[in-house]
Amino acid sequence: MKRILSTLLLAGLTAISFGQAITGDYNGRGMSLIPDYVYKGSALSGWHTLGSADWKANNGTITAKANGAASYLISDRGFQDIHLRTLYKANANAEVGFVFRMEKTNDGFKGFLASIKGTELGFYKVTLDAQGKETKREDLHPAGGIIRQAPAFDPNARTPERGSGSSPRGVTGPATEHLPFTRPTPAPIPGQWNQYDLIVDLNIVRGYINDGAENTFSTESDMGFGPIALMVNGTGEVQFNELSYVDAGIKKMPKEQTGAGFKVQRIQDMYYSWAAGSGDFNHDGVTDIVAGPYIYFGPDYTSSREIAYATSGAPSTKFTEFNCQYGYDFNGDGWDDVLSGGSLFVNPKGESRRWDRYQVVRGIQTEIMTFRDVDGDGKPELVYGSGGQVSYAKPDPADITKPWIQRPISEKGASNAHGIGVGDINGDGLMDILNVNGWWEHPKNDDGKMLWAYHPVAFGRIAHRGNNYGGAVMGVYDVNGDKLNDVVTSLNAHGFGLGWFEQKRDAKGNITFVRHIISDDYGTMDKNAGGVAFSEAHATAFADMDGDGIPDFITGKRYWSHLDTYLDPDAYGPPVIYWYKTVRNAKVPGGAEFVPHLMHNRSGVGSDVLAVDLNKDGAVDIVTGTDRGVFIYWNEMKGKAKAKAVAKKK
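What counts, and where the lines are drawn
- Within any chain, residue numbers begin from 1 and follow the written order of that chain's sequence.
- Since the coordinates come from a predicted model, pLDDT governs what is reported: local features require at least 70, and pairs of side-chain atoms require 80 or more to be given and counted, while whole-chain, interface and lining totals use all residues.
- Only heavy atoms go into the side-chain values, all of them from the structure, while hydrogens and water stay out.
- In this scheme Phe, Tyr and Trp rings, the latter by its six-membered ring, pair at centre separations within 6.5 Å, and the angle between planes marks the pair as stacked below 30 degrees, edge-to-face above 60, and tilted otherwise.
- To qualify as a helix, a DSSP run of H or I must reach at least 4 residues; to qualify as a strand, a run of E must reach at least 2; elements of each kind are numbered from the N terminus.
- Relative accessibility decides the category of a residue: with a 1.4 Å probe and only protein chains considered, values under 20% of the type maximum give buried, values over 50% give exposed, and everything between is partly exposed.
- For a lysine, the NZ atom is tested; for an arginine, the CZ atom; a charge sits over a ring if that atom is within 6 Å of the ring centre and within 35 degrees of the ring normal.
- We treat two strands as partners when DSSP finds at least two bridges between them.
- Angles run from 0 to 180 degrees between N-to-C directions of axes, and those axes are lines fitted to C-alpha atoms, restricted for helices to the stretch in contact.
- Here, two residues are considered to be in contact whenever any of their heavy atoms come within 4.5 Å of each other.

1. Brief notes about the packing of aromatic side chains
Tallied over the entire structure, the rule returns 35 aromatic pairs. Where F79 meets Y245, the ring centres are 5.0 Å apart and the plane angle is 70 degrees; that geometry is what we call edge-to-face. Note that F79 is positioned in strand 7 (residues 71-79) and Y245 in strand 17 (residues 226-247), a separation of 166 residues in sequence. Among the residues examined, Y245 registers a relative accessible area of 5% and is labelled buried. Seen from their ring centres, F98 and F240 are 6.2 Å apart, and the 85 degrees between their planes marks the pair as edge-to-face. Of the two residues, F98 is situated in strand 9 (residues 94-105) and F240 in strand 17; the sequence distance between them amounts to 142 residues. In terms of burial, F98 and F240 fall into one category: buried. In this structure an aromatic cluster arises from ring pairing among Y477, W500, F534, F542, F553, Y578, Y580 and F594. Between R137 and the ring centre of Y124, over which it is positioned, the NZ or CZ distance is 4.6 Å.

See below:
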């Protein structure tokens, strides 16, 4: 199966600099694996050749001169599943290929080929004779999506072209406002260095050129075993560099570790929810937790009750319906209710039964929501995206169980699946709303109907597999102490990247932002804060974890974010959760840095993180609902935190 991609000059294929002006940039490179093997030599030990091309190596760069016939550099080791990454450089007349599951037959070889020639990509089943001459090439069938194993090919089924289209994944509706992102078309660039990732798992093969959108096909059978090989064909010189791979048949998980100052309590072993909320649900004066269909009663959280029929999910194949949850007394009867996405569960005031459920907000299209007082009435509203618009919703005061009053504040096309926040950007005392595409200024005389003024800023990044951009809940606070509120966020909920955006103002008061990268991928470990990297920071929270009066940044990895698949980069990386201490430091760019502290390395986050002082000891605790259960991270820095808080009050 061939695909022709239009050539796009990917300006700046080197890594993005730390601390630069904001654009909807596309990197074109990424390191999403920690390799088992990296080729760094000047000899081809561990490899052997087939065909007549001249293969040489020098200081980690492999060079082959194609002479009109296919030639192969074959690994001595065999693999069934593998993630291979390399850079390559070739002219438009040379075909570059990557062969996998290359098996010897009675009269030659058979295997599968990922091919690149100019801007043409192809995926094939191939047979070779004993000298390496190709005798047969058959197209593989397109597959893809959130699957690990492709079903049997149906010739009548229509398979969408992955990587096609004109706007990034998650954008809803036509954009009528100027958004700061343009979806890239990451085509191979003849004569320049290109990155290629090849991931083979079961009967799925996923290919990514220049870290862009996936090209996914099925090998039909999930069997087959054999070496991998680099192939050159046609004419001209081909170079390979940074050749590395991971044996994808081996999954790794670190020995369990809990960070200093925390105690981890797992209160649910099964997968019910991506979120957790809190409230006094049984009216006993003690804070309880809601996570999915269960209430967990404090102070020990060992007893639970269904508020809805509970069915645990299979993390490999199913998503939970519970993405974001909040506890709040919506009807003012003194008993906290639960808002779960657009569903309201009304507290039956101690009756031993499941709670009545009402669909109060319909049409929510964002995976990320937040629950904040937007309009200044002292009551929180649900902030989300619907119909392509950024919106918030509040209960009908006459009846909280009726459909809520929905208030769009942006034009259509501005909403995005990931990244949303609330905060006072311009310092006028009113709550503005922001998402990955920028911020909307709360009008001083809001009539409840007008759209808010839009200020485009790329509070995220299109990178690592190309289509998604935007993170989770976005923090708005003064990071560096200059009395201007900044923005802190994950950059890509299904990729890598954490960053903060320093607010700047000119003499006329015009607001701009400068981006500072906190953490990127595995290729920038020497620049990442604390040498830490993880992908899929799909949930975030902001709270003062150590009592110094400055909010800190809590986030981690949502493990198997798109189920048990290789759809996202480093999907099988450790499910960590960290808190990043906000440290004001005039000697670093922007006047602040973020110092990571591990909380736990085998639980992670979901779609939301709850930060709350559960036991009212003066220290903020953290709760997450994940596909590995529900976890409390008890903050035992309370002595230090309390002392600092008391000292500050004096």
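The discussion continues.
2. A look at the sheet that holds strand 21 (residues 294-297)
Strand order in the open sheet formed by four strands is 19-20-21-22, with antiparallel pairing between adjacent strands. Taken across any chain shown, the strands that pair with only one partner, and hence form the sheet edges, are strand 19 (277-279) and strand 22 (303-306). When strand polarity is set aside, the average angle formed by the axes of neighbouring strands in this sheet is 25 degrees. As paired elements, strand 19 and strand 20 (residues 288-291) share three bridges and run antiparallel to each other. When the bridges of strand 20 are listed, S278 appears paired with I289.

3. Focus: the environment of N58
By secondary structure assignment, the location of N58 is in strand 5 (residues 54-58). Since its relative accessible area comes to 54%, N58 is described here as exposed. Among all residues touching N58, those that are not within four sequence positions of it are G41 and S42.

4. Some thoughts on the pairing of strand 24 (residues 337-340)
Going residue by residue along strand 24, you find D337 and L339 tucked away on one face and V338 and S340 tucked away on the opposite face as well. With three bridges connecting them, strand 24 and strand 25 (residues 343-346) associate as antiparallel partners. Looking at strand 25, one finds that L339 is bridged to L344. Linking strand 24 back to strand 25 in an antiparallel pair, the connection comprises two residues, with G341 at a positive phi of about 60 degrees.

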